[in-house]
Amino acid sequence: MISLIIPTYRNPEYLDICLKSAIEQQYYKNEIIVAVDGFIEESQEVLDKYKDNINVLDLGENQGMQQALNLAVMNATNEIIFVVND
């Protein structure tokens, strides 16, 4: 099993495309973690659209991609981790 990490920052249109693609390509029930680096309200509609297939981690405020990745990796449950930027 794979943990797919998607850090995002103010890109709801790309996040939507990225999540749609990731979910459509799943051959197994993999874990998809979206680490929102601040401004979650801008992406909330997209996150709600895929809420049954993703885990959302909210940094609360902009802390940078490294912090988003660190939080997501610490919360990943699988040994294999892929990172995809939206």
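About the cut-offs
- Residues numbered from 1 in each chain as written.
- Predicted model: local features only at pLDDT ≥ 70, side-chain atom pairs only at ≥ 80, totals over all residues.
- Heavy atoms only, no water.
- Core = buried A, V, L, I, M, F, W, Y, C linked by side-chain atoms within 4.5 Å.
- Buried < 20%, exposed > 50% of the residue type's maximum accessible area, 1.4 Å probe, protein only.
- Helix = DSSP H or I, 4+ residues; strand = E, 2+ residues; numbered from the N terminus.
- Contact = heavy atoms within 4.5 Å.
- Polar contact = N/O pair within 3.5 Å; in protein donor to acceptor, adjacent residues only side chain to side chain.
- Pairing = 2+ DSSP bridges.
- Phe/Tyr/Trp six-rings, centres within 6.5 Å; stacked < 30°, edge-to-face > 60°.
- Lys NZ or Arg CZ within 6 Å of the ring centre and 35° of its normal.
- Salt bridge = Lys/Arg side-chain N within 4 Å of Asp/Glu carboxyl O.

Novice: For this particular structure, what's the right way to read the nonpolar core?
Specialist: Core analysis: the biggest nonpolar cluster contains 14 residues, and Ile-6, Leu-15, Leu-19, Ile-32, Val-34, Leu-47 and Ile-54 have the highest contact counts within it. Of all the secondary-structure elements, those providing two or more residues to this core are β1 (2–8), α1 (12–24), β2 (31–36) and α2 (40–49). It is α1 that provides the largest number of residues to this core, a total of four residues. Residues within four places of Ile-6 in sequence aside, it is in contact with Leu-15, Cys-18, Leu-19, Ile-32, Ile-33, Val-34, Ala-35, Val-84 and Asp-86. Membership of the second largest hydrophobic core comes to nine residues, among which are Ile-33, Leu-59, Ala-68 and Ala-76.

Novice: I'm lost on the environment of Val-56 in this one. Help?
Specialist: One can find Val-56 in strand β3 (residues 55–58). Each C-alpha atom, one on Val-56 and one on Lys-29, is 17 Å from the other, the two residues being 27 residues apart in sequence. Filtering out sequence-adjacent residues up to four positions away, Val-56 remains in contact with Val-34, Val-36, Ile-40 and Leu-47.

Novice: Is there a simple way to explain the side chain of Glu-31 in this structure?
Specialist: Summarising the element assignment, Glu-31 is placed in strand β2. In this structure the side chain of Glu-31 is engaged in a polar contact, spanning 3.0 Å, whose partner is the backbone nitrogen of Thr-77. Those residues in contact with Glu-31 that lie beyond four places of it in its chain are Ile-2, Ser-3, Leu-4, Asn-55, Asn-75, Ala-76, Thr-77 and Asn-78.

Novice: I tried to follow the environment of Val-73 on my own but got confused; where do I start?
Specialist: Position of Val-73 relative to the elements: it lies in helix α3 (residues 65–75). Residue Val-73 is classed as partly exposed on the basis of its relative accessible area of 41%. The spatial distance from the C-alpha of Val-73 to the C-alpha of Glu-61 is 18 Å, given a sequence separation of 12 residues. Beyond its immediate stretch of four places on either side in the chain, Val-73 contacts Ile-5 and Ile-81.

Novice: Would you mind going over the pairing of β3 with me for this structure?
Specialist: The side chains of a regular strand alternate, residue by residue, between the two faces of the sheet. Relative to β3, β2 is paired through four bridges, and the arrangement is parallel. The residue of β3 that forms the bridge with Val-36 is Asp-58.

Novice: Got a minute to help me understand the packing of aromatic side chains in this structure?
Specialist: One pair of aromatic rings is described through two measures. These are the centre distance and the angle between the planes. For the structure shown, the criterion picks out one aromatic pair. Considering the side-chain rings of Tyr-9 and Phe-39, the 5.8 Å spacing of their centres and the 75° angle between planes classify their relative orientation as edge-to-face. Of this pair, Tyr-9 sits in the loop between β1 and α1 while Phe-39 is found in the loop between β2 and α2, placing the two residues 30 residues apart along the sequence. A cation over an aromatic ring shows up here: Arg-10 above the ring of Phe-39, its NZ or CZ 3.7 Å from the ring centre.

Novice: Would you take a moment to explain the pattern of salt bridges for this structure?
Specialist: Side chains bearing opposite charge may pair, as long as their charged atoms lie close to each other. This structure, assessed with the given rule, holds three salt bridges. Its salt-bridge partner being Glu-42, residue Arg-10 comes within 3.0 Å of it at the nearest N-O pair. Highlighted residues: Arg-10 in the loop between β1 and α1 and Glu-42 in helix α2, separated in sequence by 32 residues. The partly exposed category is assigned to Arg-10, whose relative accessible area is 37%. Overall, Glu-42 belongs to the partly exposed group, its relative accessible area being 33%. When the shortest N-O distance is used, the salt bridge between Lys-49 and Asp-16 registers 3.3 Å.

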